[in-house]
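The chain contents come next:
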Amino acid sequence: MSGAGAVVELLYGRGTLPVRFPEACELTVVRKPAVAVLTDPAGVVTEAFADPVGAAPLRRLAAGCRTACILVCDITRPVPNGLFLRPMIEELLAAGVPSSGILVLVATGLHRPNEGAELERLIGDAWVSRNVRVENHFARNEGDHVDLGTTRGRGTPVKLDRRFVHADLRIATGLVEPHFMAGYSGGRKVVVPGVAHEDTIRTLHNHRLMAHPKAVQANLAGNPLHEEQLEIVRMLGDVYALNVVIDEERRPAFVNFGEIVESHLRAVDFAHGCCTVPLPRRFATIVTSAAGYPLDQTYYQTVKGMVTPMDVLEDGGTLIVASACTEGFGSRAFRAAQGHLVREGTDGFLERISGKPQAEIDEWQTQMQTKAQRSARVQLFTEGLDAEDFPLTGVERVASIRDAVSASIARTGDPAVAVVPEGPYVVPLRAA
């Protein structure tokens, strides 16, 4: 609980957005529980390679391999690739894998490729790109993928990047953090949708799966997207993962390596304890962020901040989100989906997409936005969307978060306000 008139800094762009809250509000600031960061992260990485979860040491796994494919998340995730990529590759080289056979593949899913200076920032160590190949995944290139059939559970077509499928050694790397559809990111999610064909991605994101009550943040039990991802990864055979959990200042708090499913679940157990916050009540007003750079570069990613705090928002309450949107709106496909939402309304939009076996590209993000809109008054503070783009958001624009909070208190008559400075990286949950 913070005092009246308190200033809270929301993650916003490459810095923070300080907000002075009204004297009239009773403020609860929702932050991650305190977690000890790693004092020697490089040493922990070395130890993880030597003593993996459910697997032999990395050097032994790599012995006899002629090719290795290492997946990294794209620029929308603040993964500390500079911490572990070089030592990982050095382990492979020491095991006899030729540098010409090692590929670092950016798991873009259906996002745009990362190139030039942006790719250098993503990789985090110039040594990597000087010594091995670094390439992007392109989900729409049919010839880049191997057709592995369909899943038994739900009949999802499984097409994955052949560079990963055919590698002697397959490793996924990434952050384990709350994800508003898949429960948690990382592990199996870096493989699919990360290096999946658009048919696979669009099927996994259809209305039926996205509308499932278990397809929510911080939940894996009964989550249909998670279950499909697990089945797809198991169709591949042996896959390994390096998993990282970071604190609010993006410092590593946990690193492990090992068999992809078991190592990921251990990372999820750690992340769940430091990313979820039980609260004793719901709030009529919530202020949150889109987590700052790199996640809040587009309005597309901003939707995650709208959905994550819904468990503690009163029906009919006000949800105020701050997002820089420095790169603007998002893809053309997302723009088209939002256009349908604005013209048809939430009910009309959902009715139109409900029977489709495959979602249109980026349509799922609009579907997730409707979850917030159907139960709350959604408002957005941004300096990155112009007068042409903003109407496509389908939400209200606010020029001042402080004034928006005052108006919400006046409308609801409830002075209690929750603020989540780190946005979707923190999951407030209603205590049982």
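Residues numbered from 1 in each chain as written. Predicted model: local features only at pLDDT ≥ 70, side-chain atom pairs only at ≥ 80, totals over all residues. Heavy atoms only, no water.

**Student:** Hey, could you go over the overall build of the protein for me, with residue numbers and the actual values?
**Tutor:** Each helix and strand in the protein was counted, giving 15 helices and 20 strands. Relative to the compact-globule value of 22 Å for 432 residues, the protein shows a C-alpha radius of gyration of 21 Å, a close match. For the protein, the C-alpha atoms occupy an extent of roughly 70 × 50 × 40 Å along the three principal directions. Long-range contacts, defined here as pairs at least 24 residues apart, represent 76% of the contacts in the protein between residues at least 6 apart. Of note, the protein has its 44 positive side-chain charges centred 2 Å away from the centre of its 51 negative side-chain charges. (Helix = DSSP H or I, 4+ residues; strand = E, 2+ residues; numbered from the N terminus. Rg over C-alpha atoms; globule rule 2.2 N^0.38 Å. Contact = heavy atoms within 4.5 Å. Lys, Arg positive; Asp, Glu negative; His and termini not counted. Charge placed at Lys NZ, Arg CZ, Asp CG, Glu CD.)

**Student:** Could you give an account of the packing of helix H12 (residues 299-307) against helix H14 (residues 363-373), naming the residues involved and the relevant values?
**Tutor:** Following both chains from N to C, one finds H12 and H14 inclined at 35°, their axes separated by 9 Å at the closest point. Seen from above, H12 lies across H14 with left-handed handedness. Between H12 and H14, the contacting residues are Tyr299, Tyr300, Gln301, Val303, Lys304, Met306 and Val307 on the first element and Trp364, Gln365, Met368, Gln369 and Ala372 on the second. Its residues assigned to classes, the contact of H12 with H14 shows eight nonpolar, three polar and one charged. (Axes fitted to C-alpha atoms, helices over the stretch in contact; angles between N-to-C directions. Left-handed = near helix turned anticlockwise from the far one by under 90°. Nonpolar A, V, L, I, M, F, W, Y, C, P; charged D, E, K, R; others polar.)

**Student:** Which residues make up the sheet that holds strand E5 (residues 102-107), and what values do they have?
**Tutor:** Sheet architecture is open: six strands sit in the order E6-E5-E4-E9-E12-E13, paired in mixed fashion. Looking along the sheet, the strands with just one partner apiece sit at the ends: strand E6 (133-136) and strand E13 (252-259). Each strand axis lies, on average, 20° off the axis of its neighbour in the sheet, ignoring direction. Relative to E6, E5 runs parallel, the two being bridged by four bridges. Across the sheet, leucine 103 pairs through a bridge with arginine 133, a residue of E6. Sheet strands touched by helix H11 (residues 260-275): strand E9 (169-175), strand E12 (240-246) and E13. Its angle to E13, the strand with the most contacts, is close to 160°. (Pairing = 2+ DSSP bridges.)

**Student:** Please give an account of the pattern of salt bridges that cites residues and values.
**Tutor:** Under the counting rule described, the total for this entry stands at 25 salt bridges. Put simply, arginine 154 and glutamate 228 hold a salt bridge, and the shortest N to O gap is 3.5 Å. With arginine 154 in the loop between strand E7 (145-150) and strand E8 (157-161) and glutamate 228 in helix H10 (residues 224-236), this pair connects stretches of sequence that are 74 residues apart. Relative accessible area serves as the criterion here: at 1%, glutamate 228 is assigned to the buried category. The partner of aspartate 414 in a salt bridge is arginine 281, and the shortest N-O contact between them spans 3.0 Å. In this pair, aspartate 414 is assigned in the loop between helix H15 (401-412) and strand E19 (416-420) and arginine 281 in the loop between strand E14 (276-279) and strand E15 (283-289), connecting sequence segments 133 residues apart. Through salt bridges with shared partners, a single ionic network connects Glu198, Arg202, Lys356, Glu360 and Glu363. (Salt bridge = Lys/Arg side-chain N within 4 Å of Asp/Glu carboxyl O. Buried < 20%, exposed > 50% of the residue type's maximum accessible area, 1.4 Å probe, protein only.)

**Student:** Summarise helix H13 (residues 332-353); cite the residues concerned and give the values.
**Tutor:** If you check H13, its first and last C-alpha atoms are just 18 Å apart, much less than what 22 residues at 1.5 Å a residue would give, namely 32 Å. Largest kink in H13: about 120°, centred on glycine 345. By the burial criterion, the buried members of H13 are Phe334, Ala337, Gln338, Gly339, Leu341, Phe349, Leu350 and Ile353. Buried positions along H13 lie against helix H9 (207-210), H12 and H14. (Expected span 1.5 Å × (residues − 1). Bend = angle between axes of the 7 residues up to and from the residue.)

**Student:** Quick one: what's the story with the sheet that holds strand E3 (residues 26-29), residue by residue and with numbers?
**Tutor:** Pairing is parallel across the open sheet formed by six strands, whose spatial order is E3-E19-E15-E16-E17-E18. Edge positions in the open sheet fall to E3 and strand E18 (396-397), since each of these has one partner strand only. Sheet topology places E3 next to E19; four bridges connect them, and they run parallel. Considered in E19, the bridge of glutamate 26 is made with alanine 416. Across the sheet, H15 lies against E15, strand E16 (313-322), strand E17 (376-381) and E19, angled at about 170° from E16, the strand it touches most.

**Student:** I'd love a proper account of the packing of H13 against H14, names of residues and values included.
**Tutor:** Where H13 contacts H14, the two axes come as close as 9 Å, and the packing angle between them is 55°. One element, H13, and the other, H14, form an angle in the oblique class. Between H13 and H14 lies a crossing of right-handed hand. Here Phe334, Ala337, Gln338, Leu341, Thr346, Phe349, Leu350, Arg352 and Ile353 of H13 lie close against H14, whose contacting residues are Glu363, Gln365, Thr366, Gln367, Gln369, Thr370 and Gln373. Grouping the constituent residues of the contact of H13 with H14 by class yields six nonpolar, eight polar and two charged. (Parallel < 35°, antiparallel > 145°, perpendicular 65-115°, else oblique.)

**Student:** How would you summarise the packing of aromatic side chains if you had to cite specific residues and measurements?
**Tutor:** For the structure on display, the rule yields eight aromatic pairs. The residue whose ring lies beneath arginine 281 is phenylalanine 283, and the NZ or CZ to ring-centre distance is 4.9 Å. (Phe/Tyr/Trp six-rings, centres within 6.5 Å; stacked < 30°, edge-to-face > 60°. Lys NZ or Arg CZ within 6 Å of the ring centre and 35° of its normal.)

**Student:** I'd love a proper account of unusual backbone geometry, names of residues and values included.
**Tutor:** At the junction of valine 192 and proline 193, the peptide bond is cis and its omega measures out at 20° in the coordinates. Mapped onto the fold, proline 193 is located in the loop between helix H7 (188-191) and helix H8 (198-204). Of note, the bond from tyrosine 293 into proline 294 is cis; its omega dihedral lies within 30 degrees of zero at 5°. Tracing the backbone through its elements, the reader meets proline 294 in the loop between E15 and H12. Even without glycine at this site, alanine 218 takes up a positive phi of about 65°. Secondary-structure assignment places alanine 218 in the loop between H9 and H10. Even without glycine at this site, cysteine 325 takes up a positive phi of about 50°. One can find cysteine 325 in the loop between E16 and H13.

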